[in-house]
Every structure is written in C-alpha cells, then in structure tokens.
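One letter stands for each residue in the lines below.
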Amino acid sequence: TKVFFPTISLLKRYQEMRGAVIYFLSFMMNKRYKGRSGIEIVLFIGLMNGLWFIFPILGMWTSLKVIQRDSFDVYR
C-alpha cells in the first residue's frame, strides 16, 4: 500500500545515517586523526561524512511526513 515504500525509504536512510555515525566514531576512537592537518579533517572527514549524516536525516523527515499525512504532497 501507500505506506510500504516510505517505510522502506525511512529504514534505508536510517541505515545510511547509522553507517556515517559508526564511521565517525571509529575514526575518533581509533585516533585516525593523528598526523592529519585540521583542514584535512574538516574537509574530508567532516564535510564528506556530514553529507552522509544530513541528507539521510532529510530523507527520514520526508518519509515520516509521507507516512503521517498518507500523501506524497511533501515532495511538491
């Protein structure tokens, strides 16, 4: 029905965000930042990992709105 695909999308976006969080925590806990410059950390780790955090949150929000409203109007 109408809720099936938004629910799958919600779960997919959650897994993408979860992967980004695990990568970031692994990076910090294993001290992989040592020997790298601050700009390198901000640009390559922060920015690139941030994209995998922000866009899945946006996707989860839109999926939740579709489920709550039972309509795809959020995409218009």
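Predicted, not measured: the structure shown is a model, and the values here were computed from it.

Procedures and definitions
Residues numbered from 1 in each chain as written. Predicted model: local features only at pLDDT ≥ 70, side-chain atom pairs only at ≥ 80, totals over all residues. Heavy atoms only, no water. Helix = DSSP H or I, 4+ residues; strand = E, 2+ residues; numbered from the N terminus. Expected span 1.5 Å × (residues − 1). Contact = heavy atoms within 4.5 Å. Axes fitted to C-alpha atoms, helices over the stretch in contact; angles between N-to-C directions. Parallel < 35°, antiparallel > 145°, perpendicular 65-115°, else oblique. Left-handed = near helix turned anticlockwise from the far one by under 90°. Nonpolar A, V, L, I, M, F, W, Y, C, P; charged D, E, K, R; others polar. Buried < 20%, exposed > 50% of the residue type's maximum accessible area, 1.4 Å probe, protein only. Polar contact = N/O pair within 3.5 Å; in protein donor to acceptor, adjacent residues only side chain to side chain. Bend = angle between axes of the 7 residues up to and from the residue. Salt bridge = Lys/Arg side-chain N within 4 Å of Asp/Glu carboxyl O.

S.K.: Quick rundown of helix H1 (residues 4-29)? Include the residues and the values.
M.R.: Given a rise of 1.5 Å per residue, 26 residues ought to cover 38 Å, and the 37 Å separating the end C-alpha atoms of H1 matches this to within 8%. Residues of H1 that are buried make contact with helix H2 (38-69). Count one or two residues on from H1 and you reach lysine 31, which has phi positive near 55°.

S.K.: How would you sum up the packing of H1 against H2? Please name residues and give values.
M.R.: Orientation of H1 relative to H2, taken along the N-to-C sense of each, is 155°, at an axis distance of 8 Å. By the angle between their axes, H1 is roughly antiparallel relative to H2. Considering only the axes of H1 and H2, their crossing is left-handed. Its residues assigned to classes, the contact of H1 with H2 comprises 18 nonpolar, five polar and two charged.

S.K.: Summarise the side chain of threonine 62; cite the residues concerned and give the values.
M.R.: Here threonine 62 is to be found in helix H2. What makes threonine 62 buried here is its relative accessible area of 13%. At a separation of 2.9 Å, a polar atom in the side chain of threonine 62 contacts the main-chain carbonyl oxygen of glycine 59. Beyond its immediate chain neighbours, meaning those up to four positions away, threonine 62 contacts Val74 and Tyr75.

S.K.: How would you explain H2 if you had to name every residue and give the values?
M.R.: With 32 residues, H2 ought to run about 46 Å at 1.5 Å a step, and its terminal C-alpha atoms sit 44 Å apart, in line with that. Along H2, the largest kink reaches about 25° and is centred on glycine 46. Packed against the buried residues of H2 are H1. In the segment just after H2, aspartate 70 is the residue with positive phi, at about 55°.

S.K.: How would you summarise the pattern of salt bridges if you had to cite specific residues and measurements?
M.R.: Should the charged atoms of two oppositely charged side chains come close, the side chains can pair. A complete count under the given rule lists four salt bridges for this structure. Glutamate 16 is paired through a salt bridge with lysine 12; the nearest N and O atoms lie 2.5 Å apart. Taken together, the residues span about one helical turn, with glutamate 16 and lysine 12 both in helix H1 at a distance of four residues. We classify glutamate 16 as partly exposed; its relative accessible area is 22%. Aspartate 73 is the partner of arginine 76 in a salt bridge, and the nearest nitrogen-oxygen pair spans 3.1 Å. Among the residues examined, arginine 76 registers a relative accessible area of 81% and is labelled exposed. The exposure class of aspartate 73 is partly exposed, given its relative accessible area of 43%. When salt bridges with common partners are traced through the structure, they connect Lys12, Arg13 and Glu16 into a single cluster.

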